[in-house]
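Working through the structure, step by step
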Amino acid sequence: MSFVLQCPNCGPREVTDFAFGGELTARPRSRPSERELHTYVYMRRNAAGAQLEWWHHRSGCRAWFIAQRDTTSNLVSWTALPEDVADRGEGAA
Amino acid sequence: MRDLLRRHRMWRPRGELRSSYDVVIVGGGAHGLATAYELSKRGITNVAVLERNYIGSGAAGRNTTILRSNYRTPEGARFYDASVKLYEQLASELDFNLLFSQNGHLTLAHTDRSVFVMRERAEVNRLLGIDSRFIGPDEVQALAPEMQVRGDATYPIMGALYHPPGGIIRHDAVVWGYARAADRGGAEIHPYTEVTGIETSGGRVSAVQTNRGRVAAGTVVNATAGWSTLVADMVGVRLPITTHILQAFVTEPLKPLLDVVIVSSQMHVYISQTDRGEILVGAEIEPWTTYRMNGTLNFLQEATRHTLELFPQLEHANVLRSWAGLCDVSPDYSPILGLTDVDGFVVSAGWGTYGFKATPIVGTTLAELIATGRTPQLIEPFALERFYTDSLVSEAAAAAVSH
Ligand SMILES: Cc1cc2nc3c(=O)[nH]c(=O)nc-3n(C[C@H](O)[C@H](O)[C@H](O)COP(=O)(O)OP(=O)(O)OC[C@H]3O[C@@H](n4cnc5c(N)ncnc54)[C@H](O)[C@@H]3O)c2cc1C
Ligand SMILES: [Zn+2]
């Protein structure tokens, strides 16, 4: 049918409840070269497999959170608020 | 009669891979096959098309077959116009019936704002010699007599951008026609052959690894559409692409009802009737990225609802099939075509939801590029380098509507 995400605040909801915010990207160093900046803005890993990504609970609590989803199966292994992800040391993608 | 009964092979089974090819084309979709055929016309025949699944298993066999050239940028309009012109004589060139019906393409306007945008698009198109104009509701009704143009619609029809040369074609026939022509020209077509790695030496591609062994390659063409980031990763070339599913469905065959293509970007739906009589409906990509080609129920609900707003008489039609295919979406809705930082690695990607119409022009321009080493002028604006130099070719206004 589609797939379900667990909002860290509200619980499991169908994907249509959420807005997709794209894969997590690593911010460039401060004072990046023009090429580094363009890479950051445009280039994407577009991974086939586990991907860390942003989601926004648009039709619910309106929180932004992070999910790890396998893009070949759409199975979501975990979701967490960004502050909790940083604690788990998994924020850097 | 004997001809009718004989089982035709579209292309020869080729056995083992050779140890070396001048050109290895990764991806046996429409673009890969067209490129192989055009290379053979230029005398480059030591060519292999490697396809990990069956031929035409990707978007080539899943698209909604709409051809048009009424794009928004001069670069885009020129490019797609050249492609539609090649399509017009492709059936005779390939000696294969492609069932191309050029009965016109209508993009509906439901708001003042879209009337304005479409008038502007018609101007740009006309300046480039492309047949395109804005028409009012009466003319829309005359072109699509069975469509509900008047009445208390949620989205009233205020007119349409009318593009007479637009139409639909038989997608499988395009794939098979090109495959047969490439095979006859000398290229080898290898289904069930997956490229798993690409080797380089001194900044140049030297070989590809496959599930059937390693082959040396002078040039490697990445023609894998939805999978193109994965193949580019093999040589460390980064692409500004995300992969999404696009879905479509068909009804059971019905009496002739519609011979033009109807698009409504506001309703996220586009509708045509195939030569078999099926009503074929497509929609928007899913916003999330995925490599899983499964459809969603939500798509069917939304797309059928909007179809019924335009064609209420379809209320009892049975939906026969629905499916999904992968789309390689680029930031500016234009393709990425040509050379990369790795010598001998040529990319054809960023085809999003609109690449089928580009098939013939991709074939001719990539073959020219490979044969001469020079980038044809027509595809210069689509170089990957544009994302590093702020020279995007934004087709958001004309191609974000999926097809
Ligand atoms: C539902 C839908 C509707 C569409 N409607 C339209 C439309 O109306 N008009 C239009 O112009 N465009 C449309 N498109 C877009 C169009 O179909 C694509 O842009 C175009 O077909 C892409 O080029 P291709 O045919 O070469 O790609 P594909 O057919 O996707 O070919 C790529 C091939 O590469 C193979 N591959 C991937 N990885 C590897 C590997 N590692 N090794 C070997 N092989 C590999 C895949 O199996 C696949 O067969 C639509 C797409 C979809 C999904
Ligand atoms: Zn929530």
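Residues numbered from 1 in each chain as written. Chains lettered and ligands numbered in written order. Predicted model: local features only at pLDDT ≥ 70, side-chain atom pairs only at ≥ 80, totals over all residues. Heavy atoms only, no water.

A word on the side chain of Ser-228 of chain B. With respect to the secondary-structure elements, Ser-228 of chain B resides in helix H8 (residues 228–233). Those residues in contact with Ser-228 of chain B that lie beyond four places of it in its chain are Asn-222, Leu-239, Ile-241, Asp-328 and Ala-349 of chain B. (Helix = DSSP H or I, 4+ residues; strand = E, 2+ residues; numbered from the N terminus. Contact = heavy atoms within 4.5 Å.)

This brings us to the domain arrangement of chain B. All names here are of chain B. For chain B, the assigned domains read domain 1 (12–62 + 172–240 + 332–398) and domain 2 (101–167 + 242–329). Computed from C-alpha coordinates alone, the two centres of domain 1 and domain 2 are separated by 30 Å. Contact residues are listed per partner, giving 16 residues for domain 1 and 14 residues for domain 2. When domain 1 packs against domain 2, the two sides together hide about 1200 Å² of surface, and 57% of this comes from carbon and sulfur. At the boundary of domain 1 and domain 2, one finds zero salt bridges. Taken together, domain 1 and domain 2 are joined by six residue pairs in polar contact (both at pLDDT 80 or more). When contributions to the side of domain 1 that touches domain 2 are tallied by element, the ones reaching two or more residues are H8 and helix H11 (396–399). Tallying contributions element by element places H8 first for the side of domain 1 that touches domain 2, with three residues. (Domains from an automatic or database assignment. Buried area = accessible area lost by both parts, 1.4 Å probe. Salt bridge = Lys/Arg side-chain N within 4 Å of Asp/Glu carboxyl O. Polar contact = N/O pair within 3.5 Å; in protein donor to acceptor, adjacent residues only side chain to side chain.)

Moving on, we come to the packing of aromatic side chains. Summed over the entire model, instances satisfying the criterion amount to 15 aromatic pairs over all chains. Among the aromatic residues, those joined into a ring-pair cluster are Phe-3, Phe-18, Phe-20, Trp-55 and Phe-65 of chain A together with Trp-288 of chain B. The ring of Tyr-388 of chain B is capped by Arg-35 of chain A, whose NZ or CZ atom sits 3.7 Å from the centre of that ring. (Phe/Tyr/Trp six-rings, centres within 6.5 Å; stacked < 30°, edge-to-face > 60°. Lys NZ or Arg CZ within 6 Å of the ring centre and 35° of its normal.)

Two orientations exist for strands paired in a sheet by backbone hydrogen bonds: parallel and antiparallel. Residues and elements named next belong to chain A. Spatial ordering of the open sheet is given by E3-E4-E5-E6, a layout of four strands whose pairing is antiparallel. Each of the sheet's edge strands pairs with one partner strand only, and the pair in question is strand E3 (19–23) and strand E6 (75–80). The average undirected angle you get between the axes of adjacent strands in this sheet is 30°. In this sheet, strand E5 (residues 64–70) lies alongside strand E4 (residues 50–56) in antiparallel orientation, the contact comprising seven bridges. (Pairing = 2+ DSSP bridges. Axes fitted to C-alpha atoms, helices over the stretch in contact; angles between N-to-C directions.)

A few words now on the interface of chain B and chain A. Contacts between chain B and chain A engage 27 residues on the former and 24 residues on the latter. By the criterion of area lost to chain A, the three top residues of chain B are Arg-238, Trp-288 and Tyr-388 of chain B, representing 30% of everything that side buries. Residue assignment for the side of chain B that touches chain A shows that the elements contributing at least two residues are H8, strand E12 (242–251) and helix H9 (297–310) of chain B. Ranked by the residues each element gives to the side of chain B that touches chain A, the list is headed by H8 of chain B, at three residues.

So, on to the site of ligand 1. Residues and elements named next belong to chain B. Around ligand 1, the surrounding shell holds 37 residues, and the nearest of these are Glu-51, Ala-59, Ala-60, Thr-64 and Lys-357. Thr-353 places a main-chain nitrogen or oxygen 3.2 Å from a nitrogen atom of ligand 1. In the environment of ligand 1, an oxygen atom lies 2.8 Å from a nitrogen or oxygen atom belonging to the backbone of Lys-357. When the free accessible area of ligand 1 is taken as 1000 Å², the share hidden by the protein chains comes to 99%. Looking at the shell around ligand 1, the elements with two or more residues in it are helix H2 (30–41) and strand E16 (319–329). Split by residue class, the shell around ligand 1 holds 17 nonpolar, 15 polar and five charged. Of the domains in this structure, domain 1 (12–62 + 172–240 + 332–398) and domain 2 (101–167 + 242–329) are the two that each give at least three residues to the shell around ligand 1. (Near = heavy atom within 4 Å. Areas by Shrake-Rupley, 256 points an atom, 1.4 Å probe, with all protein chains shown as cover. Nonpolar A, V, L, I, M, F, W, Y, C, P; charged D, E, K, R; others polar.)

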